[in-house]
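Analysis of the macromolecular model
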Amino acid sequence: MMAPRTDLPAPRAEAGRPAWRVPGVLLALLLTALGGSSPALAQEDAECIACHEDRSATGTRAGKTISVFVNQKVLSGSSHKEVPCVGCHADVEGKELPHADDLAPVNCGSCHADLEALHAKSLHGRAIARGDALAPRCTTCHGGHGVLPKRNPQSPVAPLNIPFLCGQCHQEGTAVSRLRTIHQDNILANYSESIHGEGLLRKGLIVAPNCASCHTPHSILPHTDPASSIARRNIAATCATCHAQIEAVHRKVIKGELWEREEHVLPACVDCHQPHKVRKVFYTQGMADSDCMRCHSQADLRASQDGRSLQVHQDSLLASRHARVACSQCHSDVSPSRVRPCETIVTKVDCSSCHAAMDSLYRTSTHGMLQAKSDPNAPSCTECHGTHGTKGRLDPSSPTFPTNVPTL
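Cut-off values and rules
- The residue numbers shown here count from 1 along each chain, following its written sequence.
- In view of the model being predicted, local features appear only for residues whose pLDDT reaches at least 70, and side-chain atom pairs are presented and counted only at 80 or more, with totals across whole chains, interfaces and linings using the full set of residues.
- Neither water nor hydrogens contribute to the side-chain values; these are computed over all heavy atoms in the structure.
- A run of H or I in DSSP counts as a helix once it spans at least four residues, and a run of E counts as a strand once it spans at least two, with each numbered from the N terminus.
- With a 1.4 Å probe rolled over the protein chains alone, any residue whose accessible area is under 20% of its type maximum counts as buried; one over 50% counts as exposed, and the rest are partly exposed.
- In what follows, a contact means two residues having at least one pair of non-hydrogen atoms within 4.5 Å.
- The Shrake-Rupley method, run with a 1.4 Å probe, gives the accessible areas here. Residue values count only the displayed protein chains as cover.
- Known as pLDDT, the predictor's confidence for each residue is given on a scale from 0 to 100.
- DSSP bridges decide pairing: two strands pair if at least two such bridges lie between them.
- Like charges are joined within 9 Å and nonpolar side chains (Val, Leu, Ile, Met, Phe, Trp, Tyr) within 5 Å, but only among residues with over 30% relative accessible area and no salt bridge; these make up the patches.
- Salt bridges are defined as contacts in which a side-chain nitrogen from Lys or Arg sits within 4 Å of a carboxyl oxygen from Asp or Glu.
- Counting rule for disulfides: a pair of cysteine sulfur atoms within 2.5 Å.

**Side note on the overall build of the protein**
A count of helices and strands for the protein gives 22 helices and 2 strands. For the protein, with 408 residues in total, the buried portion stands at 27%. Residue pairs in contact within the protein that sit at least 24 positions apart in sequence constitute 48% of those at least 6 positions apart. Roughly 26,400 Å² of accessible area belongs to the protein as shown, and the carbon and sulfur atoms make up 57% of that amount.

The structure is reproduced here in C-alpha cells:
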C-alpha cells in the first residue's frame, strides 16, 4: 500500500461537522506520539479522501500496481453520494490505516439484495459463479464510483446508451463473441437497422425498446428457461408491454384457445418478427426457408409411406399468398431443435389456425358438414385453394378467380 501522506490540508467544513478535522492517518501518528494505542478507524469519508484524492496514488491488486485515485467530483455527482465509503467497502471499516491491499470486491447485494438475487440466477451471474473472467459484474454495466441513475443521459444504462453498453460484449470481434457461444450474430448491427433501433437511435424515442426491455436488466435467461422473458410462452406478454392490444388484434384471426393452450400450433411473435431485425410485418424466413428447403427443394424427395412427391417449388411458393408465411406457421408440429425439424409432424396443416372466421363459415356449409362426416367427396381447403402455390381470388391464375370457379 502507498505510504501515508503528511502534507494534506484539513478538510473543508461540512454541514454538521467541525471545520477542522485531523485526517485518520495523521491522527494515528499523533496518538502514537502521545503514547496512545488506539488505531485510527476508517469511519469517515475524509479519512479515506486523505489518501485517495491524490491522482498519483497507487496500490496493488493480485500483484499488479493499480491506481487507487477516487475522483471526488464524479463521486459527489453519483447515486451513491450519500453513502459513506465504508458503506460499500465494508472490510475497511474498523481497520487500522493505512489498510491492506487486495480488498474484497464490493458486495452490491448488501443494499440491492433483490436485484443481486436476480442477477445471480441469470446467464451473467452463473458465468461469474463458474469463474468466467468475461462475465459482466455490477460495475461492468453501472460503473464504480460514478454510478448514475438510468434517467441521467450520461449513465451507461440510460435507454439511449443500452445498445452500446451491451454491444461492448455482444458484437462481432469482441472476446465474448469469439470465445463464448452466442446463438445470435450481428446483434448490434441488426438492432440498429430495426424499427426499434431506428426509433431509439435515430429519432431519440427513449420509449423504444432496447436490449433490457426484452431481456430485462438483471434476470437475463436463455429462451429455453420457462422463467425467461423471451421463453416462447412469455414472448407475447413481453411484447405486450409496449404493444398492449396486439394479442387482441391477433385473436381476430387466430383461435383464442390455440393461442393459449397449444404452444407449437401458433407462431410466437418472434416467428414472424425476427428478434433483432424487427422491421416490418414479415421478414425473410430463417428456419422455414433455409432449413426446410435444404431437403424440400430436391426433385427426388418422396414420402416413405405413399411415395408422393415432397418437393416444394420455391418459385411457386414465392408467388403465392403465403410467400411471407414461415413453413413452421403452417406445419406447426416442427421442432427446430431437431436435425430434421419436420420429423415430429403428426398432424395435417390446420388452415383455421389463421383463418378462423372462414373456418367457421366452412363448417356450417354443405362441404363442411360432409367433411365432419368424413365423406371422401368433401372438398378440403387445399383442393380449392391449392397448397404452396395458393393465390388470391383476384389473381386471374387462381382457381378461385371468378371466371375459373365454374371449372373448379
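**Notes on the confidence of the model for the protein**
Mean pLDDT over the protein: 83, with 82% of residues reaching 70 or higher. Within the model, pLDDT remains below 50 along residues 1-42, and this stretch shows 51 contacts once partners closer than five positions in the same chain are excluded. Of the regions scoring below 50 in pLDDT, residues 281-287 engages in 19 contacts with residues more than four places distant in sequence or in other chains.

**Considering the pairing of strand β1 (residues 58-61)**
Bridge count between β1 and strand β2 (residues 64-67): 4 bridges; the pairing is antiparallel. Each bridged residue has a counterpart across the sheet, and for Thr60 the counterpart in β2 is Thr65. What sits between β1 and β2 in their antiparallel hairpin is a turn of 2 residues, with Ala62 showing a positive phi close to 55°.

**Brief notes about helix α11 (residues 195-202)**
The set of residues buried in α11 consists of His196, Gly197, Glu198, Gly199 and Leu200. Looking at the buried residues of α11, the elements they touch are α8 (162-167) and α10 (187-193). Backbone geometry just after α11 places Gly204 at a positive phi near 70°.

**Focus: the environment of Pro275**
Topologically, Pro275 is positioned in the loop between α16 (269-272) and α17 (287-296). Expressed as a C-alpha distance, the spacing of Pro275 and Asn190, which sit 85 residues apart in the sequence, is 9.3 Å.

**Let's talk about unusual backbone geometry**
Following Leu97, the chain continues to Pro98 via a peptide bond in cis, the omega torsion being -5°. The topology assignment puts Pro98 in the loop between α4 (85-88) and α5 (113-121). The backbone of Thr216 sits at a positive phi, close to 70°, despite the residue not being glycine.

**Notes on a nonpolar patch on the surface**
Nonpolar side chains collect at one region of the surface, where Leu160, Leu205, Ile206 and Val207 lie side by side and expose about 380 Å² of accessible area between them. Considering the arrangement of structural elements, one finds Ile206 in the loop between α11 and α12 (211-215). Judged by relative accessible area, Ile206 falls into the exposed class, the value being 52%.

**Quick word on the side chain of Glu198**
Counting through the fold element by element, Glu198 comes out in helix α11. Look past the residues within four positions of Glu198 in its chain and what remains in contact with it is Ser192, Lys203 and Arg279.

**A few points about the environment of Ser79**
Tracing the backbone shows Ser79 in the loop between α3 (72-76) and α4. A relative accessible area of 40% means that Ser79 is categorised as partly exposed. Each residue touching Ser79, except ones within four places of it in the same chain, is listed here: Val147, Leu148 and Pro149.

**A look at the state of the cysteines**
Following the criterion strictly, the structure yields 0 disulfides and no others. Between Cys51, a cysteine without a disulfide, and Cys48, which holds the nearest cysteine sulfur, the sulfur-to-sulfur distance is 8.6 Å. For Cys51, a relative accessible area of 9% puts it in the buried group. Summary of cysteine pairing: Cys381 is not part of a disulfide, and the nearest cysteine sulfur, belonging to Cys351, is at 4.0 Å.

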